[in-house]
Amino acid sequence: MRVTFVLPFPHWTGGVRVVYEYTRRLRARGHRVRVVCPFVPFRFRPGPGPWSELRPWLRSLLRNARFGARPPRNPVAWQIEMVPWIADRFMPDAAAVVATAWPTAIAVARLAARKGAGVYLVQHRELDSGPAPVVDATYRLPLFRVAGSHFTANVLQRELGVTVEAVVPNGVDTAFWGGAPADERAGVLTVLIPGERKGAGDAVDALERIRRARPDLTIRAFGHPRALSRRPAFLNFVSTPSDDELRDLYTRAEVFLYASRFEGFGLPPLEAMAAGCVVVSTRVGEVPEFVEHGVCGELVEPRDVEGMARAVLGLLQDPARLKRMGLVAAQRALARDWEIATTAFEGALGRAVEGAAGG
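Residues numbered from 1 in each chain as written. Predicted model: local features only at pLDDT ≥ 70, side-chain atom pairs only at ≥ 80, totals over all residues. Heavy atoms only, no water.

Trainee: Account for the sheet that holds strand 6 (residues 144–147), with residues named and values stated.
Mentor: In spatial order, the strands read 3-2-1-4-5-6-7; together these 7 strands make up an open sheet with parallel pairing. Every interior strand has two partners, whereas the edge strands, strand 3 (80–83) and strand 7 (166–167), have only one. Bridging between strand 5 (residues 117–122) and strand 6 involves 4 bridges; their strand directions are parallel. In the sheet register, leucine 121 faces strand 6, and the bridge partner there is valine 146. Sheet contacts for helix 3 (residues 102–109): strand 1 (2–6), strand 4 (96–99) and strand 5; angle to strand 4, the most-contacted strand, approximately 150°. (Pairing = 2+ DSSP bridges. Helix = DSSP H or I, 4+ residues; strand = E, 2+ residues; numbered from the N terminus. Contact = heavy atoms within 4.5 Å. Axes fitted to C-alpha atoms, helices over the stretch in contact; angles between N-to-C directions.)

Okay, structure coming up:
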């Protein structure tokens, strides 16, 4: 099957990682897969004035001019193609063409039928990156909708009355993340990502409470350096780690704290579980589907900083239980392996192609 994925940009994000995983696995199964992104950027966040909207667009344009489809820290073997913009004249003919974000859905819906059956891989309701009327209208476009989590499918149905055609939860590369078990674990790890909805401030508030109770505890964090205006001195911070570096962080930690306030899925907790790390997470996205409270991790409500601190400290007080939960976490992650997700996504693509041919 010939498949084209349309990315909004080539730089590395959680959603782009999902496309990367599907791409390399579908190629390994014999499918002819191409991944394209536009040189002329999409416009995401309208600001209060023309200049506030233009500045991020110009930055993206200059980044594309400088790096093309190979910005820093992307897997170099991935083969992303940069086309001038998403239009029939620049797009290959295919059996299916997959939109991966709301601006790409608008572009894909306009393509000729020979470019492929239109598929929309929806990771979450993207109100954080565009005006609600425009974003929500994309979920009603005549595309075959595939939700990346049960949570996202439920949000679209409950809040917009939109039913998806398939639910294919994202996966995790268990061979990679579980491929380097640690001899000894110590301390707490968290992730700090820019944006209020990602809960970086909540994570630090919880860690400060944990630090007061356990001043000897090793506390590490990874993520983007602009996630916080201030970082406590006790925090050992690793900026934008590579996958190998991140796996090392997961395998060295006893507990992974995930304080996000909103997610469509929530990949980092699943990666941590695959590495045998016990997770304390907020109840966001797909996380409650794979973290069983009290069995392989602990769940608290978003913004509940006191609850996060209590859960982490409670786990650290019982090393034997913590070790047992880590073993269960790694086993539970196996049921979410990317190969399982790829088989389901492959089936969804086949249904989309069949439906387009029959319609």
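Having seen it, we continue.
Trainee: Describe the environment of alanine 113, with residues and values.
Mentor: Relative to the assigned elements, alanine 113 resides in the loop between helix 3 and strand 5. For alanine 113, a relative accessible area of 72% corresponds to the exposed category. Put simply, alanine 113 and arginine 252 are 139 residues apart on the chain and 50 Å apart in space, counted from C-alpha to C-alpha. (Buried < 20%, exposed > 50% of the residue type's maximum accessible area, 1.4 Å probe, protein only.)

Trainee: Quick rundown of the packing of helix 1 (residues 14–28) against helix 13 (residues 338–358)? Include the residues and the values.
Mentor: Where helix 1 meets helix 13, the axes come as close as 10 Å, and the angle between the chain directions of the two elements is 80°. In terms of orientation, helix 1 lies roughly perpendicular with respect to helix 13. Side by side, helix 1 and helix 13 meet where Val18, Glu21, Tyr22, Arg25 and Leu26 of the first sit next to Trp338, Glu339, Ala341, Thr342, Phe345, Glu346 and Leu349 of the second. Residues that form the contact of helix 1 with helix 13 fall into these classes: 7 nonpolar, 1 polar and 4 charged. (Parallel < 35°, antiparallel > 145°, perpendicular 65-115°, else oblique. Nonpolar A, V, L, I, M, F, W, Y, C, P; charged D, E, K, R; others polar.)

Trainee: Give me a nonpolar patch on the surface: which residues, what numbers.
Mentor: Taken together, Phe39, Val40 and Trp85 make up a surface patch of nonpolar side chains, about 250 Å² in accessible area. Here phenylalanine 39 shows up in the loop between strand 2 (32–38) and helix 2 (50–67). (Patch = residues over 30% accessible without salt bridge, like charges linked within 9 Å, V, L, I, M, F, W, Y side chains within 5 Å. Areas by Shrake-Rupley, 256 points an atom, 1.4 Å probe, with all protein chains shown as cover. Salt bridge = Lys/Arg side-chain N within 4 Å of Asp/Glu carboxyl O.)

Trainee: If you had to explain the packing of aromatic side chains to someone new, which residues and values would you point to?
Mentor: Evaluation of the coordinates by the stated rule reveals 16 aromatic pairs. Centroid distance phenylalanine 151 to phenylalanine 262: 6.0 Å. Interplanar angle 65°. Geometry classified as edge-to-face. Note that phenylalanine 151 is positioned in helix 5 (residues 150–160) and phenylalanine 262 in the loop between strand 11 (255–258) and helix 9 (267–274), a separation of 111 residues in sequence. Members of the aromatic cluster, joined through ring pairs, are Phe176, Trp177, Phe222, Tyr250, Phe256 and Tyr258. Arginine 197 extends its terminal NZ or CZ atom over the ring of phenylalanine 262, reaching a point 4.3 Å from the ring centre. Across from the ring centre of phenylalanine 176, 4.3 Å away, lies the NZ or CZ of arginine 247, which sits over that ring. (Phe/Tyr/Trp six-rings, centres within 6.5 Å; stacked < 30°, edge-to-face > 60°. Lys NZ or Arg CZ within 6 Å of the ring centre and 35° of its normal.)

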